[in-house]
Amino acid sequence: MATRVTGCAPALRLCQRLNRLKTLDEDMMATSLKRCLSTLDLTLLGVGGMVGSGLYVLTGTVAKDMVGPAVVLSFLLAGMASLLAAFCYAEFGASIPKTGSAYMFTYVSVGEIWAFLIGWNVILENMIGGAAVARAWSGYLDSIFNHAIQNFTETHVMQWDVPFLAHYPDMLAAGILVLASFFISFGVKVSSYLNHIFSTVSMVVIAFILVFGFMLAEPANWSQKEGGFAPFGLSGILSGSATCFYAFVGFDVIASSSEEAKNPQKAVPIATAISLALATTAYVLVSMVLTLMVPWHSLDPNSALADAFFRRGYSWAGVIVAVGSICAMNTVLLCNLFSLPRIVYAMSEDGLFFSFFSRVNPVTKVPVNAILVFGILMATMALIFDLEALVQFLSIGTLLAYTFVAASVIVLRFQPGKTRAKGSASPSPHPPSGPSPIALETQTITEGVGEMKEYESFSDKLQLVERSEPRERRGVGQLRARWEPFLGRLFGDFEPGEVVAFSVLGLMVSAVSLCGVVEFGTKQLQLPLWSFISLVVIFSLAFLGSLLLIWAHEPQRNSKTFQVPLVPLVPGLSILMNVFLMLKLSSLTWLRFAIWMAIGLCVYFGYGVWHSKEGLRELQPKDMAARYVVLPSGSLVETVQSVQPDAQVDHAHTTPPTPTAEEPGRT
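Numbers given for residues are sequential positions, taken from 1 along each chain in its written order. Under the rules for a predicted model, residues below a pLDDT of 70 receive no local features and side-chain atom pairs below 80 are neither given nor counted, while totals for whole chains, interfaces and linings still include all residues. Processing note: side-chain calculations cover all non-hydrogen atoms of the structure and skip hydrogens and water entirely.

- In the annotation of an unreviewed UniProt entry, the protein chain is listed under the name Cationic amino acid transporter C-terminal domain-containing protein and assigned to Muraenolepis orangiensis.
- In its Subcellular location (unreviewed entry) section, UniProt records this for the protein chain: "Membrane". UniProt positions are given in the numbering used here, feature names are shortened, and annotations may be inferred rather than shown by experiment.

This is how it looks when you write it as structure tokens:
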């Protein structure tokens, strides 16, 4: 038995290293960045990230090809679905006001390698998103001048015919990205001012579209003569909602900016709610105006709004709409270039990415290296890649990040030992939701005089025992009193939060299984009807059972910051929705995703795991170490010994372990 345990020790140590959690400072308002963003600034950032090319391009595409006039309902459903994910981001952004967004939230709750992979995918998503918007911006502007820029480039510069590459180098798209990166490097206030200008112009144009568009509205365009309100039925509305969901993915820029907010505890939730409400209202009303102005089946998917005004005889209004679309796309570009370097900065600051990107300019207080390098990389992608090839890869990393953030909300809500400093939460020492069979936990706490002591326990389950706090009967993560008679025998011996962690894992597995059966059961798998129904019922019960088991435990209460309501229902529904949307993506997208993940793992195991600051912190010597041992009889034994660096062992006096409490009869 001892040989077997010894043989498993390296694997357990590796698992512990991969799943270690980030330790946050007690004062989480301290930062090397500049806290200067108000609630208004964050709100406009969120609106700018969501109301962009989707308003001027996506509305026409979805209305004509998928939904018809019922695109109004598709955007409404998509906005409500996005609210589930936005709640989770708002809670983390308020309680953990650090840059990094989904990467940071995963690091403090799930584990290091999962956080790296989330950050790695969010980096790619932002790069692709920015490059795709730049290509759309260039194409929209070029269409106003009758494609003169494209014709000149193909004739006098160069063109090529290579798969996945554009037919010609889009120097206009690359140039706007380089120029925007240059402006953003001047500081967060400059970025905020530019976003204010473009967002204001965009909202004025939207108001003009709504007022003038409703004046030109013809209700007959929704009549049965033109195909009716929902010509594609309920399935079309739901399919349209899945596509419209991607129009709202920009709200995470608010959480990414929380480390630069003046009062993130209040500003982040308020800005998230207001910006999402404004974006949803804009999408719903504009799609309503568009389908009332002209018949939905005659829309131009590339420039639906401008073309609608041209067709009604108001060419000057089409020019105003074109100006508004350019400004809206500028805000999306700014948001991508704003959030991407900060995620890179957070990863490099933690040692998981190259330290070159963690340098902050002492004057502008922004990570200039990350801004310029990734701005140039984004410009290179926009220069050579085709827009369709870029968009095909978009969204899978964002949906994966939404899933992990929702799971992290549940894990942290039911974890014990969570402390707060100035209204902010510090990470729980509990392992992630996908733990190894044996979890080894360590926790460092600060004494009143600033002395750091490490406490380890070696009970049957290697559980953490805190010296200063006796274990409460109904603490956080334990079964509620009403459920103790029914579930106490099954789960009474587990540590607080342990059942919840495994339930979250079961929740995600059942969600993937349920969505997989619904999506592929009748087509690719060709399951018989009885088998399809049976699997749907089984996995649905497993999903609901996981939710009920989580709900049966005591959550954290009386938080000073915003908390997601109806936990675990809201995060659970967000997980289910995100998984369903991921499974609807093409197989080619999943193949590219797997390749990018493999590259990320090479970066992590080649650099990140060796330079992780959490790993270096574990190697730092402690002045004193206290160990607690739980004997079979239930007594607690504490031994304290001095811990010194290896270089001083030969010259320092070693104090033998001193038992402070001893079980009678122990030798």
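From this point, the discussion proceeds with the structure in view.
Comments concerning the overall build of the protein chain
Thought 1: Only DSSP runs of H or I covering at least 4 residues are called helices, and only runs of E covering at least 2 are called strands; the numbering of each starts at the N terminus. For the protein chain, the count of helices and strands is 23 helices and seven strands.
Thought 2: Buried residues in the protein chain amount to 53% of all 667 residues.
Thought 3: Only heavy atoms matter for contacts: two residues are in contact if any of them lie within 4.5 Å across the pair. In the protein chain, the proportion of contacts linking residues at least 24 apart, taken out of those at least 6 apart, comes to 78%.
Thought 4: In the form shown here, the protein chain has an accessible surface area of approximately 29500 Å², with 66% of it arising from carbon and sulfur atoms. Note on exposure labels: buried denotes an accessible area under 20% of the residue type's maximum, exposed denotes more than 50%, and partly exposed covers the range between, all computed with a 1.4 Å probe on protein chains only. The protein chains shown are the only cover counted for residues, whose accessible areas, like all others here, come from Shrake-Rupley with a 1.4 Å probe.

Observations regarding unusual backbone geometry
Thought 1: The peptide bond linking Val567 to Pro568 adopts the cis configuration, its omega dihedral lying at 15°.
Thought 2: Tracing the backbone shows Pro568 in the loop between α20 (529-551) and α21 (569-583).
Thought 3: The backbone of Leu566 sits at a positive phi, close to 55°, despite the residue not being glycine.
Thought 4: Accessibility expressed as a relative area gives 62% for Leu566, which makes it exposed.

A short note on helix α2 (residues 39-50)
Thought 1: The length a helix should cover is 1.5 Å for every residue beyond the first. Between its first and last C-alpha, α2 extends 17 Å over 12 residues, near the 16 Å set by a 1.5 Å rise per residue.
Thought 2: Counting buried positions along α2 yields 10 of 12 residues, so the element is predominantly enclosed.
Thought 3: Those residues of α2 that are buried lie in contact with α9 (188-215), α11 (252-256), α12 (264-293) and α14 (315-349).

Observations concerning the environment of Ser355
Thought 1: Here Ser355 shows up in the loop between α14 and α15 (368-384).
Thought 2: By relative accessible area, which is 43% here, Ser355 ends up partly exposed.
Thought 3: A C-alpha to C-alpha distance of 8.6 Å links Ser355 and Tyr345, two positions 10 residues apart in sequence.

Concerning the pattern of salt bridges
Thought 1: The salt bridge criterion pairs a side-chain nitrogen of Lys or Arg with a carboxyl oxygen of Asp or Glu, the two atoms within 4 Å. As enumerated under the stated definition, the model contains 11 salt bridges in all.
Thought 2: One salt bridge in this structure joins Arg20 and Glu112, with 2.9 Å as the shortest N-O distance. Remark: Glu112 occurs in helix α6 (residues 112-144) and Arg20 occurs in the loop between α1 (2-18) and α2; sequence separation between them is 92 residues. Side by side, Arg20 and Glu112 carry an identical accessibility label, which is buried.
Thought 3: The salt bridge involving Arg413 is made with Glu91; its shortest N-O contact spans 2.7 Å.

Side note on empty space enclosed by the protein
Thought 1: Points on a 1 Å grid, built from protein atoms alone, make a cavity when a 1.4 Å probe fits but cannot get out and make a pocket when they are open with protein on both sides within 12 Å along at least 5 of 7 lines; residues with an atom within 4 Å of a point are the lining residues. Grid points are joined across faces, edges and corners, and a volume is the space filled by probe spheres set on the points. Counted by the stated rule, this structure contains two cavities of 30 Å³ or more.
Thought 2: Put simply, the second largest cavity is a space of about 30 Å³.
Thought 3: Every residue lining the second largest cavity is listed: Val47, Gly48, Val51, Ser199, Ser202, Met203 and Thr331.
Thought 4: Listing elements by their share of the lining of the second largest cavity, those giving two or more residues are α2 and α9.
Thought 5: Looking at the lining of the second largest cavity, the element that brings in the most residues is α9, giving three residues.
Thought 6: The residue makeup of the lining of the second largest cavity, split by class, is three nonpolar, four polar and no charged. Gly counts as polar in this scheme, as do all residues outside two lists: the nonpolar Ala, Val, Leu, Ile, Met, Phe, Trp, Tyr, Cys and Pro, and the charged Asp, Glu, Lys and Arg.

Remarks on the packing of helix α19 (residues 498-520) against α20
Thought 1: The geometry of α19 relative to α20 is characterised by a closest axis approach of 8 Å and an angle of 155° between their N-to-C directions. Accordingly, the angle class assigned to the pair α19 and α20 is roughly antiparallel. At the point where α19 passes α20, the crossing takes the left-handed sense. Here Val499, Val500, Ser503, Val504, Gly506, Leu507, Ser510, Ala511, Ser513, Leu514, Val517 and Val518 of α19 come into contact with α20, specifically with Phe532, Leu535, Val536, Phe539, Ser540, Ala542, Phe543, Ser546, Leu547, Leu549 and Ile550.
Thought 2: When the residues that make up the contact of α19 with α20 are grouped by side-chain class, the tally is 17 nonpolar, six polar and no charged. Axis lines are fitted through C-alpha atoms, for helices just across the contact stretch, and the angle between N-to-C directions can take any value from 0 to 180 degrees. Here roughly perpendicular refers to angles of 65 to 115 degrees, roughly parallel to angles under 35, roughly antiparallel to angles over 145, and oblique to all remaining angles. Handedness of each helix crossing follows the sense of rotation of the near helix against the far helix: counterclockwise by less than a right angle gives left-handed, clockwise gives right-handed.

Topic: the nonpolar core
Thought 1: Grouping buried Ala, Val, Leu, Ile, Met, Phe, Trp, Tyr and Cys residues that are joined through side-chain atoms within 4.5 Å yields what is termed a nonpolar core. Core analysis: the biggest nonpolar cluster contains 150 residues, and Tyr56, Tyr89 and Phe248 have the highest contact counts within it.
Thought 2: Residues within four places of Tyr89 in sequence aside, it is in contact with Ser101, Ala102, Phe105, Phe251, Asp252, Ala255, Ala401, Tyr402 and Val405.
Thought 3: Among the nonpolar cores identified, the runner-up in size contains 13 residues, and Cys36, Val268, Ala271 and Phe338 belong to it.

What about a nonpolar patch on the surface?
Thought 1: Taken together, the side chains of Leu73, Leu76, Leu77, Met80, Leu234 and Leu238 define a hydrophobic patch exposed on the protein surface, amounting to about 560 Å² of accessible area.
Thought 2: Elements supplying a minimum of two residues to the nonpolar patch: α4 (71-95) and α10 (233-244).
Thought 3: Within the fold, Leu73 resides in helix α4. Excluding any residue in a salt bridge, patches collect residues exceeding 30% relative accessible area, merging like charges within 9 Å and nonpolar Val, Leu, Ile, Met, Phe, Trp and Tyr side chains within 5 Å.

Focus: the environment of Phe214
Thought 1: Secondary-structure assignment places Phe214 in helix α9.
Thought 2: Its relative accessible area of 38% is what places Phe214 among the partly exposed residues.
Thought 3: The sequence separation of Phe214 and Leu290 amounts to 76 residues, and the corresponding C-alpha distance is 9.1 Å.
Thought 4: Not counting the four nearest positions on each side in its chain, Phe214 is found in contact with Ile209, Leu285, Met288, Val289 and Leu292.

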